[in-house]
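Now for the letters of each chain:
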Amino acid sequence: MTTKEQRLASLQRAHFNLFQIPATDVIIDLLTDSGTGAMSSEQWAGIMRGDESYAGATSYYRFLDQLEKLTGMRNILPTHQGRASERLLVEVLIGSPADGNGMIVPNNAHFDTTRANIEHSGAEAIDLLTDEGARSETIAPFKGDLDVAKLVRLLNERADDVPFVMVTVTCNSNGGQPVSLANLKQVREICDAYGKLLFLDACRFAENAWFIKTREPGQASKSVPRIVREMFDLADGATISAKKDGLVNIGGVLLIRDDAKFASASNLLILTEGFVTYGGLAGRDLEAMAIGFEEVMHEDYLRYRIRSTEYLGEKLTEGGIAIVQPPGGHAVYIDASALLPHIPPHEFPGQALACALYEQGGIRTCEIGSVMMGEHAVMQLVRLAIPRRTYTQSHIDYVIEVALEVKQFADTLKGFRIVEEPEALRHFTAKFEPL
Ligand SMILES: Cc1ncc(COP(=O)(O)O)c(C=O)c1O
């Protein structure tokens, strides 16, 4: 526990950047759902069994079997996390920095690391959400869908400049919103018509499958593994951060169906991450991933997971705090512009709200707006990401109380300006000053 005075001092030491605050100064940590979940007893038992052989460890084969069962793909590489998979994919499909000049990679909405890796190659990362997906207050079942009309228009104009198409399931950048199977099928058909590869950013594939099962007409009777398989069957490959639906603290996966491209990725993996049977991880990490990728598809787990996020969203909405509707799978996103209409986007209303939640109650959240996305920000959001299998309802009730307290004095909050920032991914290290 900390006092408000201690938290203000901590904020000042961190130059009002919540990534710079020591975890000991945080009471409830909703900064991210990435790698922050609790592993199960089975996973910890797996950690004990980890085979640390450099090549061909039994833990690697368990990982491989599980990923093959899950995705139906045979070309599978372990990596240390999602962005390592993204980096390899971009280098294989686009090339080294500057090779991507003039190219475009469309996505429903790129996550920040995906965008940064694509832009690092010189290519442009374009978001093609539907208009509905970009509006926070609209309630619709699949606001993560990629706008197929926009994709067709883009391909009609510049097909030669598009090395591949991506779809992010669920779509973190617009509120953890799911993508329907029908939309994935349409995107696949368009990619086939234009001869384009389709890759999934599949970090939250199981949460997406649960939404398909519970929201998409005709899908309720299918099992989660079957829906997951149908999603992957539509893709030419995928990048996965296992820190989400792999239920582990570190790990990632890269899948590429094409044998020649997979061979190139394997060579690059050896160059930068490690041999192909461990990919920058320990054998025990592969063991934990093999188990996590199976446990995440248990329906009782998914029902509890999605319902507890929904509970937080419902209570905030009842208290008059506007959120991206409906609540996403892994997080609830508060619409900071709606709560702080007096702070314009260039004064970072999301940063102001995130700092206020921390100062008031020691709750660490994450700005997803103009600080993180720069001019690409479509909304000014504060994400309350829920770590998996970690917090109880009473923790979440405390979060709700603090958010409602902040709402009482929201009109007195001030914006921020950035006084120092790096070239890319500025939200991790930028320094802020209150206005
Ligand atoms: C949709 C999405 N893609 C990619 C990543 C990157 O994964 P990692 O943090 O493991 O590099 C994340 C992480 O939050 C994500 O949410």
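Everything below is about the structure printed above this text.
Attention in this report is confined to the structure presented alongside it. (Residues numbered from 1 in each chain as written. Predicted model: local features only at pLDDT ≥ 70, side-chain atom pairs only at ≥ 80, totals over all residues. Heavy atoms only, no water.)

**Concerning helix α1 (residues 4-13)**
Three- or four-residue spacings in an α-helix give side chains the same orientation, since the helix completes a turn every 3.6 residues. For clarity, the cut-off: With a 1.4 Å probe rolled over the protein chains alone, any residue whose accessible area is under 20% of its type maximum counts as buried; one over 50% counts as exposed, and the rest are partly exposed. Numbered from the N terminus, helices here are DSSP runs of H or I no shorter than four residues, and strands are runs of E no shorter than two. Note: the arc covers the axis-to-C-beta directions of the helix.
Within α1, the full set of buried residues consists of Arg-7, Ser-10 and Leu-11. The arc enclosing the buried residues of α1, seen along the axis, measures out at 100 degrees, which places them on a common side. Exposed and facing more than 90 degrees away from the buried side of α1 are Glu-5 and Arg-13. Two residues or fewer after α1 comes His-15, characterised by a positive phi angle close to 50 degrees.

**Points about the site of the ligand**
Using the following cut-off: Throughout, near means a residue has at least one heavy atom within 4 Å of the molecule or strand. We call two N or O atoms a polar contact when they sit within 3.5 Å, provided that within protein one can donate a hydrogen and the other can accept it, with sequence-adjacent residues counted only if both atoms are side-chain atoms. Here, Shrake-Rupley sampling with a 1.4 Å probe gives the accessible areas, and only protein chains in the shown set may cover a residue.
Taken together, 15 residues surround the ligand, and among them Arg-83, Asn-172, Asp-201, Ser-241 and Lys-244 come closest. In this structure, Gln-81 approaches the ligand through a side-chain N or O atom, which is 2.9 Å from an oxygen atom. Contact with the protein chains covers 97% of the free accessible surface of the ligand, which is 380 Å². In terms of residue count, the dominant contributor to the shell around the ligand is helix α4 (residues 82-93) (three residues).

**A closer look at unusual backbone geometry**
A cis amide bond, omega -20 degrees, links Val-169 with the succeeding residue Thr-170. Summarising the element assignment, Thr-170 is placed in the loop between β5 (164-168) and α7 (181-194). Look at the link from Gln-325 to Pro-326: it is a cis peptide, with omega at -15 degrees. When you line up the elements, Pro-326 lands in the loop between α12 (299-318) and β9 (331-335). In the Ramachandran plot, His-15 falls in the positive-phi region, its phi being about 50 degrees despite a non-glycine side chain. Structurally, His-15 is set in the loop between α1 and β1 (28-29).

**With respect to the sheet that holds β9**
Heads up, the condition is: Strands qualify as paired when DSSP identifies two bridges or more between them. Angles run from 0 to 180 degrees between N-to-C directions of axes, and those axes are lines fitted to C-alpha atoms, restricted for helices to the stretch in contact. In this description, contact between two residues means that some pair of their heavy atoms is separated by no more than 4.5 Å.
The three strands are arranged β9-β12-β11 in an open sheet whose pairing can be described as antiparallel. Taken across any chain shown, the strands that pair with only one partner, and hence form the sheet edges, are β9 and β11 (366-368). Taking the axes of each pair of neighbouring strands and ignoring which way they run, one obtains an average angle of 35 degrees across the sheet. Sheet topology places β9 next to strand β12 (residues 381-385); five bridges connect them, and they run antiparallel. Bridged to Tyr-333 within β12 is Arg-383. Of the strands in this sheet, β9 and β12 are in contact with α12, which crosses β9 at around 20 degrees.

**Observations concerning the sheet that holds strand β7 (residues 237-241)**
Within the open sheet, the five strands sit side by side as β2-β8-β7-β6-β5. Their pairing is mixed. Either end of the sheet is taken by a strand with one partner, and the two such strands are β2 (76-79) and β5. Geometrically, the sheet is characterised by an average inter-axis angle of 15 degrees between neighbouring strands, direction not taken into account. Inspection of the sheet shows β5 paired to strand β6 (residues 197-201) by five bridges, in the parallel sense. Along β6, the bridge assignment pairs Val-165 with Leu-198.

**A few points about the packing of helix α3 (residues 58-71) against helix α9 (residues 224-233)**
Cut-off, in case you're wondering: Geometric relationships in this document are graded by angle, where less than 35 degrees denotes roughly parallel, more than 145 denotes roughly antiparallel, 65 to 115 denotes roughly perpendicular, and other angles denote oblique. Amino acid classes used here: Ala, Val, Leu, Ile, Met, Phe, Trp, Tyr, Cys and Pro are nonpolar; Asp, Glu, Lys and Arg are charged; the rest, including Gly, are polar.
Closest axis-to-axis distance for the α3/α9 pair is 7 Å, and the angle between their directions is 85 degrees. With respect to their mutual orientation, α3 and α9 come out roughly perpendicular. Residues Lys-69, Leu-70 and Thr-71 of α3 form the contact with α9, whose participating residues are Val-228, Arg-229, Phe-232 and Asp-233. Considering only residue class, the contact of α3 with α9 consists of three nonpolar, one polar and three charged.

**Observations regarding the pattern of salt bridges**
The line we're drawing: Whenever Lys or Arg places a side-chain nitrogen within 4 Å of a carboxyl oxygen from Asp or Glu, that contact is recorded as a salt bridge.
According to the stated counting rule, one finds 29 salt bridges in the structure shown. Between Arg-188 and Asp-192 there is a salt bridge, with its nearest N and O atoms 2.9 Å apart. Of this pair, Arg-188 and Asp-192 both sit in helix α7, separated by four residues, roughly a single helical turn. The shortest N-O distance in the salt bridge between Arg-226 and Glu-230 comes to 3.2 Å. Linking Arg-226 with Glu-230, this pair stays in helix α9, spanning four residues, or about one helical turn.

**A word on the nonpolar core**
Test applied: By nonpolar core is meant a set of buried Ala, Val, Leu, Ile, Met, Phe, Trp, Tyr and Cys residues that side-chain atoms within 4.5 Å join together.
Counting residues in each nonpolar core, the largest one holds 64 residues, and the members touching the most others are Phe-63, Val-167, Phe-205, Met-231, Phe-232 and Phe-293. Of all the elements, helix α8 (residues 205-215) adds the most residues to this core, at six residues. The contact partners of Val-167, leaving out residues within four places of it in the chain, are Asn-107, Asn-108, Leu-146, Val-179, Leu-184, Val-187, Leu-198, Phe-199, Leu-200 and Asp-201. Grouped together as the second largest cluster of nonpolar side chains are 44 residues, Val-332, Ala-336, Ile-386 and Val-399 included.

**Quick look at the side chain of Thr-277**
Secondary-structure assignment places Thr-277 in the loop between α10 (259-272) and α11 (283-295). There is a polar contact of 3.2 Å between the side chain of Thr-277 and the backbone oxygen of Tyr-54. Aside from chain neighbours lying at most four places away, what touches Thr-277 is Tyr-54, Ala-55, Gly-56, Tyr-60, Pro-78 and Leu-286.

**Details of the environment of Phe-293**
Within the element layout of this structure, Phe-293 appears in helix α11. Each C-alpha atom, one on Phe-293 and one on Arg-307, is 20 Å from the other, the two residues being 14 residues apart in sequence. Beyond its immediate sequence surroundings of up to four residues, Phe-293 is in contact with Gln-66, Leu-67, Leu-70, Phe-205, Ile-240, Ala-242, Asp-245, Gly-246 and Val-253.

**Overview of the environment of Pro-97**
Position of Pro-97 relative to the elements: it lies in the loop between α4 and β3 (104-107). Leave out the neighbours within four places in its chain, and Pro-97 touches His-120 and Ser-121.

**A look at the packing of α3 against α11**
Stated precisely, the cut-off is as follows: Crossing handedness is defined as follows: a turn of the near helix away from the far one that is anticlockwise and smaller than a right angle gives a left-handed crossing, while the clockwise case is right-handed.
Where α3 meets α11, the axes come as close as 8 Å, and the angle between the chain directions of the two elements is 25 degrees. In terms of axis orientation, α3 runs roughly parallel to α11. Crossing handedness for the pair α3 and α11: left-handed. Contacts between α3 and α11 involve Ser-59, Tyr-60, Arg-62, Phe-63, Gln-66, Leu-67 and Leu-70 from the former and Gly-283, Leu-286, Glu-287, Met-289, Ala-290, Phe-293 and Glu-294 from the latter. Classifying every residue of the contact of α3 with α11 gives eight nonpolar, three polar and three charged.

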